[in-house]
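So the chains spell out like this:
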Amino acid sequence: MTTVSQRAAVPTASTDRTAVCAYDRLTADLGVAALIDGVQVAIFRLADGTVHAVQNLDPFSGAHVMSRGITGTRGDEPTIASPLYKQVFSLLSGECLVTMDKAPREGLDPRLTVFAVTVHDGLVYVDVPGAM
Amino acid sequence: MTDTQKIVVVGGGMVAHRFTEAMRARDTDGRYSVTVLAEEPRAPYDRVALTSYFTGKDPEDLALGDPALWEDGLVTLRRDAKAVAIDRDAREVTDAHGVVHPYDHLIMATGSYAWSPPVKGADLPGVFVYRTIDDVAALRIYVERRRKELGRSVRGAVIGGGLLGLEAAGALQELGATSTVIQFSDRLMNLQVDEGGGQALSRLIENLGVKVRCNTATEAIRPDKHGHVGSLKFADKGEQLVDVVVFATGVRPRDELGRDAGLTIGKRGGIVVDDTCLTEDPAVSAIGEVACIQGACIGLIAPGNTMAEIAVDRLLGGEATFPGADTAAKLKLLGVDVASFGDAFATTPGALELTYADPVAGVYKKLVVTDDARTLLGGILVGDASAYASLRPLVGSALGGDPAAWLLPEGSIERPNVELPDEAGVCSCNNVSAGAIRHAVTEQGCHELGEVKACTKAGTSCGSCLPLVKKIVGSELEKSGIELSNALCEHFDMSRAQLFNAIQVSELQTFSEIIERFGTGRGCDICKPTVGSILASIYNQHVLAADRAALQDTNDRVMANMQKDGTYSVVPRVPGGEILPEHLILIGQIAQDYGLYTKITGGQRIDMFGARLEQLPQIWQRLVDAGMESGHAYGKSLRTVKSCVGSDWCRYGVQDSVGMAIALELRYRGLRSPHKLKLGVSGCARECAEARGKDVGVIATDHGWNVYVGGNGGFTPRHAQLLVEDVDDETVFKVIDRYLMYYIRTADRLQRTAPWQEDHEGGLEAIKAVIMDDSLGICDDLDAHMARHIDSYEDEWKAVLNDPERLRQFTSFVNAPDDPDPSLAYVEQRGQRRPATESERRDTAVLIAPTRLEVRS
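What this report covers is the structure whose coordinates are included nearby. (Residues numbered from 1 in each chain as written. Chains lettered and ligands numbered in written order. Predicted model: local features only at pLDDT ≥ 70, side-chain atom pairs only at ≥ 80, totals over all residues. Heavy atoms only, no water.)

1. Digging into the overall build of chain B
1) Next: When helices and strands are counted, chain B shows 25 helices and 38 strands.
2) Next: Classification of the 857 residues of chain B by burial places 55% in the buried group.
3) Next: Contacts spanning at least 24 positions in sequence make up 61% of the contacts within chain B whose residues lie at least 6 apart. (Helix = DSSP H or I, 4+ residues; strand = E, 2+ residues; numbered from the N terminus. Buried < 20%, exposed > 50% of the residue type's maximum accessible area, 1.4 Å probe, protein only. Contact = heavy atoms within 4.5 Å.)

2. Remarks on the interface of chain B and chain A
Often, the extent of an interface is quoted as the loss of accessible area upon association of its parts.
1) Next: If you look at the interface, chain B gives 35 residues, while chain A gives 35 residues.
2) Next: Here chain B packs against chain A, burying approximately 2,800 Å² in sum over the two surfaces, 51% of which is carbon and sulfur.
3) Next: Summed over the three residues of chain B that lose the most area to chain A, namely R522(B), R557(B) and V814(B), the buried surface amounts to 23% of that side.
4) Next: There are 4 salt bridges connecting chain B and chain A.
5) Next: In this structure, the salt-bridge partner of R105(A) is E838(B), at a minimum N-O distance of 2.8 Å.
6) Next: Run the count over chain B and chain A and you get 20 residue pairs in polar contact (both at pLDDT 80 or more).
7) Next: Elements that contribute at least two residues to the side of chain B that touches chain A include exactly α14 (527-539) and α15 (554-558) of chain B.
8) Next: Class assignment of the residues belonging to the side of chain B that touches chain A gives a composition of 11 nonpolar, 12 polar and 12 charged. (Buried area = accessible area lost by both parts, 1.4 Å probe. Salt bridge = Lys/Arg side-chain N within 4 Å of Asp/Glu carboxyl O. Polar contact = N/O pair within 3.5 Å; in protein donor to acceptor, adjacent residues only side chain to side chain. Nonpolar A, V, L, I, M, F, W, Y, C, P; charged D, E, K, R; others polar.)

3. So, the sheet that holds strand β36 (residues 721-727) of chain B
Residues and elements named next belong to chain B.
1) Next: Strand order in the open sheet formed by 5 strands is β32-β33-β34-β35-β36, and the pairing between neighbours is mixed. Unpaired on one side and paired on the other, β32 (638-643) and β36 mark the two borders of the sheet. Between one strand and the next, the sheet's axes are offset by a mean angle of 15 degrees, whatever the strand orientation.
2) Next: Set on the sheet, helix α19 (residues 729-746) makes contact with β33 (677-682), β34 (696-701), β35 (704-709) and β36; between it and β35 the angle comes to about 10 degrees.
3) Next: Each of β35 and β36 touches helix α21 (residues 763-772); the most contacted strand, β36, lies at about 40 degrees to it. (Pairing = 2+ DSSP bridges. Axes fitted to C-alpha atoms, helices over the stretch in contact; angles between N-to-C directions.)

4. Some points on the sheet that holds strand β6 (residues 100-102) of chain B
Residues and elements named next belong to chain B.
1) Next: The antiparallel open sheet is built from 3 strands, whose spatial order is β4-β5-β6. Across the chains shown, the open sheet's two edge strands, defined by having one partner strand only, are β4 (83-87) and β6. The sheet shows a mean angle of 20 degrees between the axes of neighbouring strands, direction not considered.
2) Next: Where β4 meets strand β5 (residues 92-95), 4 bridges bridge the pair, whose relative direction is antiparallel. By the bridge assignment, D87 is partnered in β5 with E92.

5. Examining the pairing of strand β3 (residues 39-45) of chain A
On a regular strand, each side chain points to the face opposite its neighbour's, so the side chains alternate between the two faces of the sheet.
Residue and element names in this part refer to chain A.
1) Next: Along β3, 5 of the 7 residues are buried, which leaves the element largely enclosed by surrounding structure.
2) Next: Here strand β2 (residues 32-36) runs beside β3; their pairing, made up of 5 bridges, is antiparallel. Bridge pairing in β3 places A34 opposite V41.

6. Here we look at the pairing of strand β6 (residues 77-81) of chain A
Residues and elements named next belong to chain A.
1) Next: Burial runs high along β6: 4 of the 5 residues are buried.
2) Next: Taken together, the 5 bridges between strand β5 (residues 70-74) and β6 define a ladder with antiparallel strand orientation. Each residue of the ladder has a partner; that of T73, found in β6, is P78.
3) Next: Hairpin remark: β5 followed by β6, antiparallel, with 2 residues in the connecting loop; positive phi at G75, about 60 degrees.
4) Next: Pairing of β6 with strand β7 (residues 88-90) involves 3 bridges; the strand directions are antiparallel. Opposite T79, over in β7, you have S90 as the bridge partner.
5) Next: Hairpin connection between β6 and β7: a loop of 6 residues separates the two successive antiparallel strands, and K86 in this loop has a positive phi of roughly 70 degrees.

7. Remarks on the packing of aromatic side chains
Residues and elements named next belong to chain B.
1) Next: Under the defined criterion, the tally for this structure stands at 9 aromatic pairs over all chains.
2) Next: Ring centres 5.8 Å apart and planes at 70 degrees place the aromatic pair F341 and Y388 in the edge-to-face group. Here F341, found in strand β22 (residues 336-342), pairs with Y388, found in helix α7 (residues 388-391); they are 47 residues apart in sequence, far enough to count as distant.
3) Next: The class for F341 is buried, based on a relative accessible area of 1%.
4) Next: By relative accessible area, which is 3% here, Y388 ends up buried.
5) Next: Above the ring of W115, the side-chain terminus of R252 is found at 4.2 Å from the ring centroid.
6) Next: When the ring centre of Y652 is taken as origin, the NZ or CZ atom of R686, which lies over that ring, is 4.0 Å away. (Phe/Tyr/Trp six-rings, centres within 6.5 Å; stacked < 30°, edge-to-face > 60°. Lys NZ or Arg CZ within 6 Å of the ring centre and 35° of its normal.)

8. Some points on empty space enclosed by the protein
1) Next: Taken as a whole and assessed by the stated rule, the structure comprises 3 cavities of 30 Å³ or more.
2) Next: Considering only enclosed or pocket space, the largest cavity measures out at about 90 Å³ in volume.
3) Next: Here the residues of the lining of the largest cavity sort into 3 nonpolar, 5 polar and 3 charged.
4) Next: Taken as a whole, the second largest cavity holds about 70 Å³ of empty space.
5) Next: Around the second largest cavity, the lining residues are D29(A), L46(A), A47(A), T71(A), G72(A), T73(A), R522(B) and K528(B).
6) Next: Along the lines of polarity and charge, the residues of the lining of the second largest cavity split into 2 nonpolar, 3 polar and 3 charged. (1 Å grid on protein atoms, 1.4 Å probe; cavity = no way out; pocket = protein on both sides within 12 Å on 5 of 7 lines; lining within 4 Å. Points joined across faces, edges and corners; volume = space filled by probe spheres on them.)

9. Observations concerning the pattern of salt bridges
All names here are of chain B.
1) Next: Under the criterion given, the structure shown has 47 salt bridges over all chains.
2) Next: The partner of R612 in a salt bridge is E614, and the shortest N-O contact between them spans 2.8 Å. Pair check on accessibility: R612 and E614 agree, each one buried.
3) Next: The salt bridge partner of R718 is E758, with a shortest N-O separation of 3.2 Å. Here R718 is found in the loop between β35 and β36, whereas its partner E758 is found in helix α20 (residues 753-759), with 40 residues between them in sequence.
4) Next: For R718, a relative accessible area of 26% gives the class partly exposed.

This is the structure in structure tokens:
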């Protein structure tokens, strides 16, 4: 499970979680970027209240822009579309669902890294492995 | 290649084009090379559409087919190379330059010439015929010159009230001349319509301001005191003052070359051919208007094209023969429909005529049926020819149900749904049957009208059969279970135009309510921006208001243009391209302070590239402080109104194009639409602003402005078409208000004005009727809607500066708002910076660190 709702269990102390911002700072369906120990993360609060985090790097353009894309659904799967060339990715698995007949930039994986998100005491935590 | 046989085609008209095109399409082994000797200095063009030359088309818009045909290695087109002699023994043709062209097979396609009766004065300056682009261009120049010289509108007369005569009368009206049609017979178009039809036609034509004078023989054309055409004298002693005369008294085959070469000539002219289009010389064929086939020359394009196809088929060893001419005709003149098909005059023994006439509405319809009233034989439609496309292919077939259903106004009785037999001809210009269209859909994978047109050529000449083609394609797709989906995306099962209506009528204003009521799921990057744009079009509220921000596409979301590295460009608004020196200095200063790359845009503005998300509000603030605003170089909205310098400075300008451009840009700025909108204004006919390449082009005339619509640069360039002529400023605003609003309400997602105009049922004429004659009764509504837009415009960038909530979206990182994106890297080039490439990033020595680009304050 990569996403946890607002009422999720208290995170254990062993994770690499970092408090990023207040949950109330997030507007439904409007992503924000966070800089966590040098890693750029795109964070989305969806209309159903869940919060998701994926890499901010768009593998098809090489620019860090995923937080500025449009959220949506493909079937039941919550998605994020890149604002540059409009590829669509799953917010659950990070998988690229629509490639727009393009290949990712050399050396980049078309699948987005998904980070675990926890909301606790009104704060949003993102687990970035390796970050403190 | 030694086996290649040489074909020489004498004549460069539409039929010569069809022959060459068909030969190249079918002769896949390269057995024949084709040399076309054209008398005119241009490639074959669409003579049928000649009148459209007046409605803003350029000669090149009349080009036929794919111009690549003339680049084919086996095709040689010699323009301005009239053939002057044929030596059948030596098998050689000599052209006017003395060049000799040997042939293995000769195709005579010399067509016709416009014949004028030997009336005294027919050689005076001001007398024209109506046949070629040059004729039409000369007429245009003469009328325009005389209007200036005379200082009043030019009085025109057309001698001949047939199909071509009415076309010419329409052309004179388009040129701003008055026109009178002088007809020798007792009615107009006497070859196509009967007495009842002729009466209805006269009434309709006269209502449009064209005078009609039947039963009149012209005895002489008399000069005025300067030797120009001055008046007409009729056989009944009547007289009429005229400044220009056009003869449209019929055509005669240009058979003189054939005659000189000793070929048999028909009694009333034309080179005699058999049903395979071959003359008595097995090495010579004749096709088109010059061919005397089955005892007559036929002056219509459809049989000409059929002959071209037959000649090709025979040369390639086929068995095709001429099936007889389909003389059906449909034309639209000044908006009046006239059609005639099959046995229109009920000459079949026992034939019955059913007629319907409504003199008030100006409609006359007649169907000719067999004595049992079951089988359609022919018909005449005047005033409303909407049934033509369905009826013409039914000639010879059962009408199915009550024939009256076809005569009464559409909707009064349900018309029987008749399935056309496969062999029924649908497109007579290109001889395409219903079966061929079905085959294209079922076997050749064509699922859209455009594909079917490209594949079968149906509807590519006069286009009158397109509604029928569309219907056949639709029903065939339905049968094969393929639905022609116009769904926006998986969340909305309706087109943009339908959704626009739904949102407008329901008055819902949030995406969540709209998708709950009309769609499914949560939306996506297709439907969200579409709904965002529709809401913006209807209510003109801020793009980032309430839940709107999350609907906006990339650029609208932050109101600047995202570039490839995720930074933005800012393009301050420069209405009409007019800018104060201090504003120029300010733009330079901002670019210097933020290290932005600057470039002049194609829309007469200055673009500053490389601004980071968090820098945008600061840049807007500086523009606002100096009385400027940022501009829409993004979004499906009005971009710029380009202008030339106009009459204030230019030696040639006749109107204030800059003033008009500024007024238009301020009027429509912020207007959200299905696609981007660009306007242009030129101060004189030299058109330096290239306004006809814009969605709306306004071009100055001596008397006001001409407004052109539906132009496009980009991927599919189009010239804008004339909408209104010589109008004042207020009318310019009014027609553009309505045009744009009608487009915004009815176009598909991402459909620009040119294809919208083309796909609109009835084309530009129908759009004109909506916005000029209020044919849908929506003009008040369109006007009110645009007035709301203009009144409620706000500087959307300034609005963000005043709203801390929205400003929060302009931060780099939610947890590090002062840190710039650390991945940005630039190199210097020609004194400015640009994003570094991958390899430059690896060679870090060349990079400019973003920290060096911080604001110097």
